[in-house]
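Single-letter residue listing:
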Amino acid sequence: MAMKFILLLISLVLPAASHALSTPAPYVPILAAKSYVLFDYNSNQVLVNQNGDVRMELASLTKLMTAYLAFDAIKHGTITLEQKLSVPTAAVKYISGESRMLLKAGQKVSVDELLHGLIVQSGNDAAITLAINIAGSIAGFVDMMNQEAKRLSMDNTHFANPVGLPDTQHYSSAYDLALLAAAIVRDYPQHYPLFSVRNYTFNNITQANRNRLLWLDPYADGMKTGYAESSGYCMVGSVNRNNRRMISVLFGADSDRLRASESQKLLNFGFENFDTIRLYDKNQAVANLRIWKGTESLLPIGFRRELFLAIPKGARDRLKATMETRQPIFAPVSGGQQLGVLKLTLDGQPYAEFPLAALESVPLANVFSRGWDSIQLFFQ
């Protein structure tokens, strides 16, 4: 007899809110820009998406991926912060108007200095020096950039160089850059403070960070600016207020000053119109499911990380949750295996979905226990 599977729906009571504010649902801000995205870091939610998937020339925002791969090289021991790298000739070939750290061919410069030059001064020479020393060639480093973009699900991104020079095969989108910015914050918190450095002096020459947000907003701590003729003035911004982080990505402003002020408007919109609430703690059991033919009869399911959700202010009481699982569930089950979905609705409309995972592993029971479960299932 073929086993029939059923979809089990269970209504859940969400954890109580600490407070609730009664405010209207937020509007979508209209900014003087071609493309922009607002990303809530804690919940991994896009709160605003205006042409966020359109491919744009990303200019020096490219260096976010260059920095990410440099951090990865440090993590895996390819380079160290104290290590002195030789500046290759390719790094000092000057192109009119490009940002530079003012390196000299053959000069020995520490990785720490190069990272400051890359992130604070936006130096193309620093980017090329790091790329060649990490991958052996610019082409090899570009391959790494594209592999990493694919891993991060940056589907509208392709790199052709590590600095952001114009190329028809060099582009990204506001949404993709939000994913990259979040990955930097998440994966390399020990290096992230570099993005908040306002000025850096190398060879007795001081250059200022072009990110005006660092001066406009006391809670701003990153990330990167750029300019390209086709995409205008662009910026990735990041603000952390009261342990809530918002990331903004903006393309197509008409000036340096405007890209900062419009980015700040977008970030302020997120903080003023949304609450980010913790729904469940890491490894907190959302429910206990019946499991058959295993060494245990009940299996806790939940999330392997803290689960946050961004919702319009005052909407907590209008949020409803249901759990869907496919029954029956049989051993063996591995910890982390997806067994269901948590579905959330707001005012009766679908709002978000999250996969529910087994919080424990349950191996097969002995033959006698499995036989007894088979008998019980037969009569169900």
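Refer to the structure presented above.
Since we're looking at a predicted model, the values are computed, not measured.

Engineer: Hey, could you go over unusual backbone geometry for me, with residue numbers and the actual values?
Structural biologist: Here Gly222 and Met223 are connected by a cis peptide whose omega angle stands at 10°. Residue position: Met223 is located in strand β8 (residues 220–228). Its identity is not glycine, yet Asn283 carries a phi of approximately 65°, on the positive side. For Asn283, the location among the structural elements is in the loop between β11 (274–280) and β12 (285–292). Relative accessible area serves as the criterion here: at 40%, Asn283 is assigned to the partly exposed category.

Engineer: Lay out the sheet that holds strand β9 (residues 232–241) with the relevant residues and their values.
Structural biologist: Ordered in space as β3-β2-β10-β9-β8, the five strands form an open sheet in which the pairing is antiparallel. In this open sheet, the two strands that pair with only one neighbour each are β3 (45–50) and β8. The sheet shows a mean angle of 10° between the axes of neighbouring strands, direction not considered. Bridge count between β8 and β9: eight bridges; the pairing is antiparallel. Within the sheet, the bridge partner assigned to Tyr227 lies in β9 and is Tyr233.

Engineer: Tell me what's going on with a nonpolar patch on the surface, and back it up with residues and numbers.
Structural biologist: The grouping of Trp372, Ile375, Phe378 and Phe379 at the surface amounts to a nonpolar patch, some 540 Å² of accessible area in total. Mapped onto the elements, Phe378 comes out in helix α8 (residues 367–379).

About the criteria used
Residues numbered from 1 in each chain as written. Predicted model: local features only at pLDDT ≥ 70, side-chain atom pairs only at ≥ 80, totals over all residues. Heavy atoms only, no water. Helix = DSSP H or I, 4+ residues; strand = E, 2+ residues; numbered from the N terminus. Buried < 20%, exposed > 50% of the residue type's maximum accessible area, 1.4 Å probe, protein only. Pairing = 2+ DSSP bridges. Axes fitted to C-alpha atoms, helices over the stretch in contact; angles between N-to-C directions. Patch = residues over 30% accessible without salt bridge, like charges linked within 9 Å, V, L, I, M, F, W, Y side chains within 5 Å. Areas by Shrake-Rupley, 256 points an atom, 1.4 Å probe, with all protein chains shown as cover. Salt bridge = Lys/Arg side-chain N within 4 Å of Asp/Glu carboxyl O.

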